[in-house]
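Overview (structure and organization)
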Amino acid sequence: MAFKITEECVSCGACESECPNEAISEGDEFYVIDAAKCCECVGFFDEPQCAAVCPTEAPVADEDNAESAEELIAKAKKLHPDKDFGDNYPSHLKG
Ligand code: SF4
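A short tour of the structure in this document, coming up. Quick caveat, the model's predicted, so the values are computed rather than measured.

With that out of the way, let us pick up the state of the cysteines. Using the criterion set out here, one finds zero disulfides in the structure. Note on Cys-39: no disulfide assigned, nearest cysteine sulfur contributed by Cys-41 at a separation of 5.9 Å. Given the relative accessible area of 1%, Cys-39 is considered buried.

Here is the structure:
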């Protein structure tokens with residue numbers, strides 16, 4: 001599932017440059033995540049980077065955009081067709 005940014009956001013912008021998919025931008029009230037571009041950092045990092053760097057814990061899993069681990073790595077591959085993710089890619093969904 002994609003992540004979303006809640007109203008806890010103080011618009012510090014710390015997350016924007018951390019996203020591997022450029023999914024984060026400044027919205028009208030606070031920063032927003034484009035769900036179509038968010039792969040929960042599967043394929044890139046062991047944990048969602050926006051949530052890791054946020055000082056107010058504003059980014060959370062968006063229950064309305066539920067996706068399986070398989071769907072998330074497929075999304076990452078689609079967004080980065082030239083990248084070889086291999087079989088041992090990082091994911092916070094791996095046990
Ligand atoms: Fe970007 Fe990762 Fe946050 Fe999704 S979870 S918006 S891919 S930094």
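In this structure, Ile-5, Ile-24, Ile-33 and Cys-50 are the most contacted members of the largest nonpolar core, which totals 14 residues. Elements represented by at least two residues in this core include exactly strand E1 (3-5) and strand E3 (31-33). In this structure, Ile-24 is in contact with Ile-5, Cys-15, Glu-16, Cys-19, Tyr-31, Val-32, Ile-33 and Cys-50, ignoring residues within four places of it in sequence. In terms of nonpolar packing, the next biggest core, distinct from the first, is built from eight residues, Leu-72, Ile-73, Ala-76 and Tyr-89 among them.

Okay, the packing of aromatic side chains next. Taken as a whole and assessed by the stated rule, the structure comprises one aromatic pair. An angle of 90° between the planes, with centres 5.5 Å apart, marks the rings of Phe-44 and Phe-85 as edge-to-face. With Phe-44 in the loop between E3 and helix H1 (49-53) and Phe-85 in the segment after helix H2 (69-79), the pair connects residues that are 41 residues apart, well separated along the chain. Classification of Phe-44 by relative accessible area gives buried; the value is 19%. On the basis of relative accessible area, Phe-85 is assigned to the buried category, the value being 8%. We note Lys-83 situated over the ring of Phe-85; from NZ or CZ to the ring centre the distance is 5.2 Å.

On to the site of the ligand. Taken together, the neighbourhood of the ligand is formed by Cys-19, Asn-21, Ile-24, Ile-33, Cys-38, Cys-39, Glu-40, Cys-41, Pro-48 and Cys-50. Residue composition of the shell around the ligand, grouped by class: eight nonpolar, one polar and one charged.

What counts as what
- Each chain carries its own residue numbering, running from 1 in the direction its sequence is written.
- A pLDDT threshold of at least 70 governs which residues receive local features in this predicted model, and a stricter bar of 80 or more applies before side-chain atom pairs are shown or counted, although totals over entire chains, interfaces and linings include all residues.
- Note: side-chain values were computed over all heavy atoms of the structure, leaving out hydrogens and water.
- Cysteine sulfur atoms that come within 2.5 Å of each other are treated as a disulfide pair.
- Partly exposed describes any residue whose relative accessible area lies between the buried limit of under 20% and the exposed limit of over 50%, with all areas from a 1.4 Å probe on protein chains only and scaled to the type maximum.
- Among buried residues, those of type Ala, Val, Leu, Ile, Met, Phe, Trp, Tyr and Cys that are joined through side-chain atoms within 4.5 Å constitute a nonpolar core.
- For helices the rule is a DSSP run of H or I covering at least 4 residues; for strands it is a run of E covering at least 2, with both sets numbered from the N terminus onward.
- By the convention used here, residues are in contact when the closest approach between their heavy atoms is within 4.5 Å.
- For Phe, Tyr and Trp, rings pair up if their centres lie within 6.5 Å, where Trp contributes its six-membered ring, and each pair is then called stacked (planes under 30 degrees apart), edge-to-face (over 60) or tilted (otherwise).
- Here, over-ring charges are defined by two tests on the NZ atom of lysine or the CZ atom of arginine: distance to the ring centre within 6 Å, and angle to the ring normal within 35 degrees.
- Near residues are defined by distance, with any heavy atom within 4 Å of the molecule or strand qualifying the residue.
- Polar here means any residue outside two lists: the nonpolar Ala, Val, Leu, Ile, Met, Phe, Trp, Tyr, Cys and Pro, and the charged Asp, Glu, Lys and Arg; Gly therefore counts as polar.

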